[in-house]
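The lines below spell out each chain.
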Amino acid sequence: MAELRTLARPYAKAAFQAASESGTLQLWADQLALLGSISTEPKVADAISSSTVDAASQVAIITGLIGEDLNAAVNNFLHILAENKRLLLLPSIAELFVELKANLERSVEVNISTAFALDDATETKLTQALKDKLQRDIQVHTDVDKSLLGGVVVRAGDIVIDGSVKGRLAKLAEAMSV
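Right, let's walk through the structure included here. Computed from a predicted model, the values in this text were never measured in an experiment.

How each quantity is defined
- Numbering of residues starts from 1 in each chain and follows the order in which that chain's sequence is written.
- In keeping with the predicted nature of the model, local features appear solely for residues at pLDDT of at least 70, side-chain atom pairs appear and are counted solely at 80 or more, and the whole-chain, interface and lining totals rest on all residues.
- The side-chain quantities take in all heavy atoms of the structure and omit both hydrogens and water.
- A pair of strands counts as paired when DSSP detects no fewer than two bridges linking them.
- Strands are runs of DSSP state E lasting at least two residues, helices are runs of H or I lasting at least four, and both sets are numbered from the N terminus onward.
- Orientation is described by lines fitted to C-alpha atoms, with helices fitted over the stretch in contact, and by angles between N-to-C directions that extend from 0 to 180 degrees.
- Only heavy atoms enter the contact rule, under which two residues are in contact if any of them lie within 4.5 Å.
- Stacked, tilted and edge-to-face pairs are distinguished by plane angle, under 30 degrees for stacked and over 60 for edge-to-face with tilted covering the rest, among Phe, Tyr and Trp rings (Trp via its six-membered ring) whose centres lie within 6.5 Å.
- Burial here depends on accessible area, computed with a 1.4 Å probe over protein chains only, as a share of the maximum for the residue type. Under 20% is buried, over 50% is exposed, and the range in between is partly exposed.
- The term salt bridge refers to a side-chain nitrogen of Lys or Arg lying within 4 Å of a carboxyl oxygen of Asp or Glu.

What about the sheet that holds strand β1 (residues 107-114)?
Within the open sheet, the four strands sit side by side as β2-β1-β3-β4. Their pairing is mixed. Of all strands in the sheet, those with a lone pairing partner are β2 (137-144) and β4 (159-162), marking the two edges. Looking at each pair of strands side by side, their axes are set apart by 15° on average, direction ignored. Relative to strand β3 (residues 152-156), β1 is paired through five bridges, and the arrangement is antiparallel. If you follow I112 over to β3, its bridge partner there is V154. Relative to β2, helix α7 (residues 120-134) is tilted by about 135°, and along the sheet it contacts β1, β2, β3 and β4.

Considering the packing of aromatic side chains
Enumeration over the complete set of coordinates arrives at three aromatic pairs. Ring geometry for F16 versus F97: centroids 5.6 Å apart, planes at 70°, classification edge-to-face. Of this pair, F16 sits in helix α1 (residues 2-22) while F97 is found in helix α6 (residues 90-105), placing the two residues 81 residues apart along the sequence. The exposure class of F97 is buried, given its relative accessible area of 0%. Measuring from centroid to centroid gives 6.4 Å for W28 and F97, while their planes differ by 20°, and the two rings are stacked.

Thoughts on the pattern of salt bridges
Close approach of charged atoms lets side chains of opposite charge pair. Per the stated rule, a full pass over the model turns up four salt bridges. Residue E95 pairs with R5 through a salt bridge whose shortest N-O separation is 2.5 Å. Placement of E95 in helix α6 and of R5 in helix α1 is noted, with a sequence separation of 90 residues between them. According to the relative accessible area criterion, E95 is partly exposed, its value standing at 42%. A salt bridge links E105 to K101; the nearest nitrogen and oxygen atoms lie 3.1 Å apart. Of the two residues, E105 and K101 both sit in helix α6, four residues apart, roughly one turn of that helix. A residue is classified by how much of its surface remains accessible, and E105, at 39% relative accessible area, is partly exposed. Its relative accessible area of 11% is what places K101 among the buried residues. Bridged by salt links that share partners, the residues R5, E95 and E99 form one connected network.

Below, the structure is given as structure tokens:
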């Protein structure tokens, strides 16, 4: 997985630069996300990984499934990926593009997993604390995970804060086994 991200990084940066210069960051993000999801479909993945299918046919397969016109620059980018046999990197490119866009916009998506549903006041307080800590605008997604037993797990990009009872028990068990 890390290998795909490494290969995808220069393509994501090039796409980001093109989108920034043309002022079409959101359009690129949306279209790359769509291309990334299409490329993971089993039949499409087989076609784009096949050495017997030429680059133009691979692009035609993908664009035929989109059902809408691609931006000309995104279409050119897709052709470049096909010619370099890098279409399988589309999901990683889309993911890295979103990260670059979030860094530019100083925002981050935060996933909060709790053992029990949070009331609005607690969620607001936690959101503000995270915003202050991360010094970014945040979009919060919450979910309930009964296996946590209690507490919360916060994931923001590469940062994971595990304040759950399950996590603490795991650390205690690890400490006792050493």
